[in-house]
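Descriptive structure summary
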There are 2 protein chains.
Amino acid sequence: MRVDILTKSENLEVQKEIISKLRDLINYKNLEPGDKLPSERMLSEKFEVSRSNVREVIQKLEFFGILKSRPQSGTFIADIGQIAMSGMMDDILRLEDPDFKSLVETRILLELKTVRLASLRRTEEDLEKMRQALDAYKEKVLNGQDAVQEDLLFHLAIAQASKNTTMNTFMLIITPEIITNFEKYHVCDANLSFKGIQEHEDIYNAIKDQDPKKAKEKMKTHFKILYQYCYNV
Amino acid sequence: MRVDILTKSENLEVQKEIISKLRDLINYKNLEPGDKLPSERMLSEKFEVSRSNVREVIQKLEFFGILKSRPQSGTFIADIGQIAMSGMMDDILRLEDPDFKSLVETRILLELKTVRLASLRRTEEDLEKMRQALDAYKEKVLNGQDAVQEDLLFHLAIAQASKNTTMNTFMLIITPEIITNFEKYHVCDANLSFKGIQEHEDIYNAIKDQDPKKAKEKMKTHFKILYQYCYNV
DNA sequence: CAAACCAATCTGGTTAACCAGTTTTTGATT
DNA sequence: AATCAAAAACTGGTTAACCAGATTGGTTTG
């Protein structure tokens, strides 16, 4: 799975402009799945932008699975059909940067699932990794240090144990933004982390015992406090 | 949010190699958040790879929020801390391409949530868009045509109405792969689509009536058949 | 001695040239 | 007219040169 895409603010507007024009072109020419797009050079000339800009957009749409480019051959429309493509392009154009609330909402949803799956599918190796993350977390907290990072690593270990690569990827995508926001708003202060040790232990034990119901329950209580914190921001 | 990242099979190995070396370098030099990485040129020389390769990796890690590059200045370690960064790099190295089962599992999880949120937050404009997608779907099915794309567009409209940009993005990411797999395995045949019309109508009405419980329930029954199909592949 | 200035240097970003396959056209041959 | 080899044109990918802004260290100046 790819993960690219430029984030430069100015560039983003240019990209949207190109995506929009490209969508119109595809509709106008009635290009169908499998059809070849005009070459990058031609598009850059037609849209009056640099070839780099065109390449960025193509790579972005390739990430979203809309286009496929073949070396020394051309860029082709993926097998998802014209309607789906046009609709998806609209959605991509409409996409905004995620807000904190949206991130937390998604994280909670994902984690309540990964913890359940982890308790069903975890291997001994997974357990070992979670144990290490948990110990690192405990040590930091008991020394009165900030432990947001170790906290998240424990949760990432759970995601990995869930054996669902898609959810694992998504957790990785949202984690850094979660961390920065947490540190920014001081979501986790010392005594909260202290409380977190027991909660983490509970989650770990439930996964170890392969008790999905209990695991989910413990994760829920773990998030209850975080949830309140986040919505008080 | 960015979405890049190259997917070329050969390149991917090179990228992993560089990520691994970069992680070792950061650990060895004890680089902390905010610290500046060596320049791209220096890294490409040190790792004996092209500067393009280094740039690709940096962009990838930037997408995951681990690095931040400032024009005419340098690439810096994001404010997520060394431990989190090292751990995340390990996870990224371990990431595999998503399998179909993982995709479906994630899709169901996301949609059971977005449909609930949509029924709570939908505007009249959202309703209109879903209505259009639904009508396009109906028309295709009643003419005996394949309607996988229109199906997915309806679901994307729901994701958009959920007002959760993160989930919306994630739905967009997995949709194309879902479509190709569906068409590949012929998950949706004609009579299944026929049944789908009523299910879609039910979902639409529940969202219109702002009844989250019913909406989720209807989505669940909608997925029940798909679920069986997917696990029979 | 500190502050202000300035030029050399270094940075990521951008552009243009180049490369190695692919595709299409061409034209000689049968 | 059909065939097929060869070459010209075109493709996305890669590399190297270039750019403008940021940084840095030394020098000058008050």
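Residues numbered from 1 in each chain as written. Chains lettered and ligands numbered in written order. Predicted model: local features only at pLDDT ≥ 70, side-chain atom pairs only at ≥ 80, totals over all residues. Heavy atoms only, no water.

1. Some thoughts on helix H3 (residues 51-63) of chain B
Residue and element names in this part refer to chain B. Between its first and last C-alpha atoms H3 spans 18 Å; for 13 residues at 1.5 Å apiece the expected length is 18 Å, and the two agree. For H3, every residue scored as buried is listed here: Asn53, Val54, Glu56, Val57, Ile58, Lys60, Leu61, Glu62 and Phe63. Gly65, located one to two residues past H3, shows a positive phi value of around 80 degrees. (Helix = DSSP H or I, 4+ residues; strand = E, 2+ residues; numbered from the N terminus. Expected span 1.5 Å × (residues − 1). Buried < 20%, exposed > 50% of the residue type's maximum accessible area, 1.4 Å probe, protein only.)

2. As for the protein's contact with DNA strand D
Around DNA strand D, the surrounding shell holds 19 residues, and the nearest of these are A:Glu40, A:Arg41, A:Arg51, A:Arg55 and A:Gln72. A share of 54% is what sugar and phosphate atoms reach among the atoms of DNA strand D within 4 Å of the protein. Between DNA strand D and the protein, one listed contact pairs a phosphate oxygen with a side-chain N or O atom of A:Ser39 at 3.3 Å. Between DNA strand D and the protein, one listed contact pairs a base nitrogen with a side-chain N or O atom of A:Arg51 at 2.8 Å. Where the surface near DNA strand D is concerned, the elements lending two or more residues are helix H2 (40-46), helix H3 (51-63), strand E2 (67-70) and strand E3 (74-77) of chain A together with H3 of chain B. Of the residues contributing to the surface near DNA strand D, the split by class is one nonpolar, ten polar and eight charged. (Near = heavy atom within 4 Å. Polar contact = N/O pair within 3.5 Å; in protein donor to acceptor, adjacent residues only side chain to side chain. Nonpolar A, V, L, I, M, F, W, Y, C, P; charged D, E, K, R; others polar.)

3. Observations concerning the nonpolar core
Residues A:Leu22, A:Ile66, B:Leu22 and B:Ile66 are the most contacted members of the largest nonpolar core, which totals 140 residues. Every residue in contact with A:Ile66, bar those within four places of it in the chain, is listed here: A:Leu61, A:Phe76, A:Ile77, A:Ala78, A:Ile80, A:Met85, A:Met88, A:Met89 and A:Ile92. (Core = buried A, V, L, I, M, F, W, Y, C linked by side-chain atoms within 4.5 Å. Contact = heavy atoms within 4.5 Å.)

4. Digging into the side chain of A:Asp151
Residues and elements named next belong to chain A. Along the polypeptide, Asp151 turns up in helix H7 (residues 148-161). For the buried Asp151, no salt bridge is present, and the opposite-charge side chain at shortest range is Arg107, 4.8 Å distant. Within the local environment of Asp151, its side chain forms a polar contact with the side chain of His200, the two groups lying 3.2 Å apart. Leave out the neighbours within four places in its chain, and Asp151 touches Tyr137, His200 and His222. (Lys, Arg positive; Asp, Glu negative; His and termini not counted. Salt bridge = Lys/Arg side-chain N within 4 Å of Asp/Glu carboxyl O.)

5. A word on the pairing of E3(A)
Residues and elements named next belong to chain A. Of the two faces of E3, the one carrying Gly74 and Phe76 and the one carrying Thr75 and Ile77 are both buried. As defined by bridge partners, E2 adjoins E3 across four bridges and the pair is classed as antiparallel. Each residue of the ladder has a partner; that of Arg70, found in E3, is Gly74. A loop of three residues connects E2 with E3, the two strands running antiparallel in sequence, and Gln72 in this loop sits at a positive phi of about 55 degrees. (Pairing = 2+ DSSP bridges.)

6. A look at the interface of chain B and chain A
The interface of chain B with chain A comprises 59 residues on the first partner and 60 residues on the second. Close ionic contact of A:Glu105 with B:Arg121 constitutes a salt bridge, the shortest N to O distance being 2.6 Å. If you look at where chain B meets chain A, you find 17 residue pairs in polar contact (both at pLDDT 80 or more). Of all the elements in the fold, those that place two or more residues in the side of chain B that touches chain A are H3, helix H4 (82-94), helix H5 (100-121), helix H6 (124-142), helix H7 (148-161) and helix H8 (165-185) of chain B. At 15 residues, the largest contribution of residues to the side of chain B that touches chain A is made by H8(B). Looking at side-chain class alone, the side of chain B that touches chain A contains 26 nonpolar, 17 polar and 16 charged residues.

7. With respect to the domain arrangement of chain A
Many authors give the size of an interface as the accessible area that is lost as the parts come together. Considered domain by domain, chain A is made up of domain 1 (9-94) and domain 2 (100-232). The centre of domain 1 of chain A, based on its C-alpha atoms, is set 38 Å off from the matching centre of domain 2 of chain A. (Domains from an automatic or database assignment.)

8. Some points on the confidence of the model for chain A
Residue and element names in this part refer to chain A. Per-residue pLDDT for chain A averages 86, and the proportion of residues at 70 or more is 91%. Per-residue pLDDT, averaged within each element of chain A, yields its smallest value for strand E1 (residues 3-4) (36) and its largest for helix H5 (residues 100-121) (95). Per-residue pLDDT stays below 50 along residues 1-9; that stretch engages in 43 contacts with residues further than four places along the chain or on separate chains. (pLDDT = per-residue confidence, 0-100.)

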